[in-house]
Amino acid sequence: MTDHPAAFTPAPGTVLVLVDLQHWIVARPAAPLTGAAVVRAAARLKNAFETAGRPVVLVRHLLGDGSDGGPDSDRTRFEPEVDARPGNEVVTKHRIDAFEGTDLAERLRRLGATALVVAGITTEYGVGETVRTAAALGYPTTVVEDAVTALSTPAHTAALQAFRDLGVTVTATDALLATPV
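Residues numbered from 1 in each chain as written. Predicted model: local features only at pLDDT ≥ 70, side-chain atom pairs only at ≥ 80, totals over all residues. Heavy atoms only, no water.

## Some words on the sheet that holds strand 2 (residues 56–61)
The strands that make up a sheet are held in pairs by hydrogen bonds between backbone atoms, and each pair lies either parallel or antiparallel. With parallel pairing, the six strands of this open sheet are ordered in space as 3-2-1-4-5-6. Whereas interior strands pair on both sides, the edge strands pair on one side only; in this sheet they are strand 3 (89–93) and strand 6 (169–171). Going from strand to strand, the sheet's axes swing by 25° on average, the running direction of each strand aside. Direction of pairing for strand 5 (residues 141–149) relative to strand 6: parallel, over a ladder of three bridges. (Pairing = 2+ DSSP bridges. Helix = DSSP H or I, 4+ residues; strand = E, 2+ residues; numbered from the N terminus. Axes fitted to C-alpha atoms, helices over the stretch in contact; angles between N-to-C directions.)

## What about the pairing of strand 4 (residues 115–121)?
Among the seven residues in strand 4, seven count as buried, and that is most of the element. Of the two faces of strand 4, the one lined by Ala115, Val117, Ala119 and Ile121 and the one lined by Leu116, Val118 and Gly120 are each fully buried. Taken together, the six bridges between strand 1 (residues 14–19) and strand 4 define a ladder with parallel strand orientation. For Val15, the partnering residue across the bridge sits in strand 4 and is Leu116. Pairing of strand 4 with strand 5, which is carried by five bridges, proceeds in the parallel orientation. Residue Gly120 lies in a different strand from strand 5, and its bridge partner there is Val148. (Buried < 20%, exposed > 50% of the residue type's maximum accessible area, 1.4 Å probe, protein only.)

## What about the confidence of the model for the protein?
On average, residues of the protein score 94 in pLDDT, and 96% of them are at 70 or above. Segment residues 1–5 is flagged for pLDDT under 50; beyond a separation of four residues in sequence, or across chains, it makes zero contacts in the model. (pLDDT = per-residue confidence, 0-100. Contact = heavy atoms within 4.5 Å.)

## Examining helix 4 (residues 126–136)
Listed as buried for helix 4 are Gly126, Val127, Gly128, Thr130, Val131 and Ala134. Looking one or two residues past helix 4, Gly138 carries a phi angle of roughly 95°, positive in sign.

## Considering the nonpolar core
Nonpolar side chains tend toward joint burial in soluble globular proteins. One finds Leu16, Leu18, Leu21, Leu45 and Val82 to be the most contacted residues of the largest nonpolar core, which totals 25 residues. Of all the secondary structure elements, the ones that give two or more residues to this core are strand 1, helix 1 (23–26), helix 2 (35–51), strand 2, strand 4, strand 5 and helix 6 (173–178). For this core, the leading source of residues is helix 2, giving eight residues. Discounting chain neighbours no more than four positions away, the residues touching Leu18 are Ala42, Lys46, Val56, Val57, Leu58, Val59, Val82 and Ala119. In terms of nonpolar packing, the next biggest core, distinct from the first, is built from 24 residues, Leu108, Leu116, Val127 and Phe163 among them. (Core = buried A, V, L, I, M, F, W, Y, C linked by side-chain atoms within 4.5 Å.)

Right under this line is the structure:
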């Protein structure tokens, strides 16, 4: 028996999808967690997936007309703790759902995705729509409840219950990192 926990080993085919962890979105008022708290939890997940050699997809929201400054503006950049590293996939979306109008489904196929772990902002919008589409596409999906937040606590709670009603697993970062996915 060992005194330290075993290394996190997500099942082959499990992909981490982080939604909208950009400066301007993280800085907005949120509940029940702050955007900064979500970024800290998401950074733990990202580091664990990268260490295990599993794929990470970062999804960013940009305005179609470029009025937000585009992908290189300070406003739209990912938070440093979760910024894209070599080997990470970056998907740019212009709508709420990360699948709508993007190549996310194709990238997931190319990565050999068989299950998704999703975190980000907001539980009821960007994360929520992406999770619903993932479930409709047949992906077993896990939402990390302390790595998502919403515009209000009631919206967060309702979205998590809606995920459970769809058969989506809802768990905490510590629980996920302590067991194989």
